[in-house]
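What follows is the residue order along each chain.
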Amino acid sequence: MSTEPGSARALAHQLASGIDPDALGRDALGADMARAADMPGPLLLEAGCVRAAYEAIAAAGERADAPDDATLVSLRAGARAAADAARVADEIGAGAALALRAAARAWYPYAVEGESTSWKVGLRAFSETCDVDAEADQNLVVRAVWAAGAAAGRDDTATGRAIRAFADELMGRTTAGEDLLTAWRGAVRHTAEVAPDPVFHTVVDAVQGVLTR
């Protein structure tokens, strides 16, 4: 006797055995729903975390070598302005998306256009992606970084190459299922190998330190 699921013979066999065929479907659906509920989603961010990240970048910029380098000077000034903006957002109770947006916009005027247009266009794209109505989770960070890399376009400076390499690697790793910290570490290593840039590495390495907390 055929007992293929859904066949009349199978239903008759299940009923004769005291099994409710409809219950089997409900049980399967319930199991699927339970599994979906157990799957962890992207972690939500807080403005305090954003503040800590920019403060770490500012501190790393202060410790960096070559104090007279124009790009490092702009990094220090821009990161301090961004950290202050994130701090204000945190203190007034703003969400993480607003903190990310405000910090990127505060950094923008300090970017050295002569050194690399990538900082300006990257920061602008990053801030515009962090819409205040967006859900502030780890996916938002990945999307904002990827937008910065895409905005850098064909800029062939060291920073432009580093932003694109990092953004593409981060997106690829998170799409493949890696959590943000694991993907960030991998993207840092990848960028250091294929598109090294001391200033950009200072930034992403500082953020990596915050993600491990």
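Above this text you will find the structure in question.
Residues numbered from 1 in each chain as written. Predicted model: local features only at pLDDT ≥ 70, side-chain atom pairs only at ≥ 80, totals over all residues. Heavy atoms only, no water.

Draft legend 1. Quick peek at the pattern of salt bridges. Under the defined criterion, the tally for this structure stands at seven salt bridges. The partner of arginine 80 in a salt bridge is glutamate 62, with the nearest N and O atoms 2.2 Å apart. Here arginine 80, found in helix H4 (residues 70-91), pairs with glutamate 62, found in helix H3 (residues 47-63); they are 18 residues apart in sequence, far enough to count as distant. According to the relative accessible area criterion, arginine 80 is partly exposed, its value standing at 40%. On the basis of relative accessible area, glutamate 62 is assigned to the partly exposed category, the value being 44%. For arginine 161, the salt bridge goes to aspartate 156, with nearest N and O atoms at 3.2 Å. The class for aspartate 156 is exposed, based on a relative accessible area of 57%. (Salt bridge = Lys/Arg side-chain N within 4 Å of Asp/Glu carboxyl O. Helix = DSSP H or I, 4+ residues; strand = E, 2+ residues; numbered from the N terminus. Buried < 20%, exposed > 50% of the residue type's maximum accessible area, 1.4 Å probe, protein only.)

Draft legend 2. Structural context of empty space enclosed by the protein. The tally for this structure, following the rule as stated, stands at one cavity of 30 Å³ or more. Within this model, the largest cavity holds a volume of roughly 530 Å³. If you go around the largest cavity, you meet 27 residues; those closest to its centre are Tyr54, Phe126, Val145, Trp184 and Val207. Taken together, the elements giving at least two residues each to the lining of the largest cavity come down to H3, helix H5 (96-107), helix H6 (117-129), helix H7 (138-152), helix H8 (158-175), helix H9 (180-194) and helix H10 (198-211). Residue contributions to the lining of the largest cavity peak at six residues, all from H10. (1 Å grid on protein atoms, 1.4 Å probe; cavity = no way out; pocket = protein on both sides within 12 Å on 5 of 7 lines; lining within 4 Å. Points joined across faces, edges and corners; volume = space filled by probe spheres on them.)

Draft legend 3. Main features of the packing of aromatic side chains. Under the defined criterion, the tally for this structure stands at four aromatic pairs. Seen in terms of ring centroids, tyrosine 54 and tryptophan 107 are 6.3 Å apart; in terms of plane orientation they differ by 70°. Their pairing is edge-to-face. Note that tyrosine 54 is positioned in helix H3 and tryptophan 107 in helix H5, a separation of 53 residues in sequence. A ring pair is formed by tryptophan 107 and tryptophan 119, whose centres lie 5.7 Å apart and whose planes are at 15°; its orientation type is stacked. With tryptophan 107 in helix H5 and tryptophan 119 in helix H6, this pair connects stretches of sequence that are 12 residues apart. Just above the ring of tyrosine 108 sits the side chain of lysine 120; from NZ or CZ to the centre is 4.5 Å. (Phe/Tyr/Trp six-rings, centres within 6.5 Å; stacked < 30°, edge-to-face > 60°. Lys NZ or Arg CZ within 6 Å of the ring centre and 35° of its normal.)

Draft legend 4. Looking closely at the side chain of serine 127. Tracing the backbone shows serine 127 in helix H6. Among the polar contacts listed, one links the side chain of serine 127 to the backbone oxygen of arginine 124, at a separation of 2.9 Å. Excluding anything up to four places from it in sequence, serine 127 contacts Arg101, Ala104 and Arg105. (Polar contact = N/O pair within 3.5 Å; in protein donor to acceptor, adjacent residues only side chain to side chain. Contact = heavy atoms within 4.5 Å.)

Draft legend 5. Representation of H5 within the structure. The first and last C-alpha atoms of H5 sit 17 Å apart over 12 residues, in line with the 16 Å expected at 1.5 Å per residue. For H5, every residue scored as buried is listed here: Ala96, Ala97, Ala99, Leu100, Arg101, Ala103, Ala104 and Trp107. (Expected span 1.5 Å × (residues − 1).)

Draft legend 6. A look at the nonpolar core. One finds Tyr54, Ile57, Trp107, Phe166, Leu170 and Trp184 to be the most contacted residues of the largest nonpolar core, which totals 58 residues. With nine residues, H3 is the largest single contributor of residues to this core. Once residues within four sequence positions are removed from consideration, phenylalanine 166 is found in contact with Val145, Trp184, Ala187, Val188, Thr191, Phe200 and Val204. (Core = buried A, V, L, I, M, F, W, Y, C linked by side-chain atoms within 4.5 Å.)

Draft legend 7. Molecular detail of the packing of H6 against H7. Running from N to C, H6 and H7 cross one another at 145°; their axes reach a closest spacing of 8 Å. Where H6 crosses over H7, the handedness of that crossing is right-handed. Note on element contacts: H7 touches H6 through Leu140, Arg143, Ala144, Val145, Ala147, Ala148, Ala151 and Ala152, opposite Ser118, Val121, Gly122, Ala125, Phe126 and Thr129. Class assignment of the residues belonging to the contact of H6 with H7 gives a composition of 10 nonpolar, three polar and one charged. (Axes fitted to C-alpha atoms, helices over the stretch in contact; angles between N-to-C directions. Left-handed = near helix turned anticlockwise from the far one by under 90°. Nonpolar A, V, L, I, M, F, W, Y, C, P; charged D, E, K, R; others polar.)

Draft legend 8. Representation of H6 in the model. Its 13 residues place the ends of H6 18 Å apart at the C-alpha level, agreeing with the 18 Å of an ideal helix rising 1.5 Å per residue. Turning to H6, its buried residues are Ser118, Trp119, Lys120, Gly122, Leu123, Ala125, Phe126 and Ser127. Looking at the buried positions of H6, the neighbouring elements they touch are H3, H4, H5, H7, H8 and H10.

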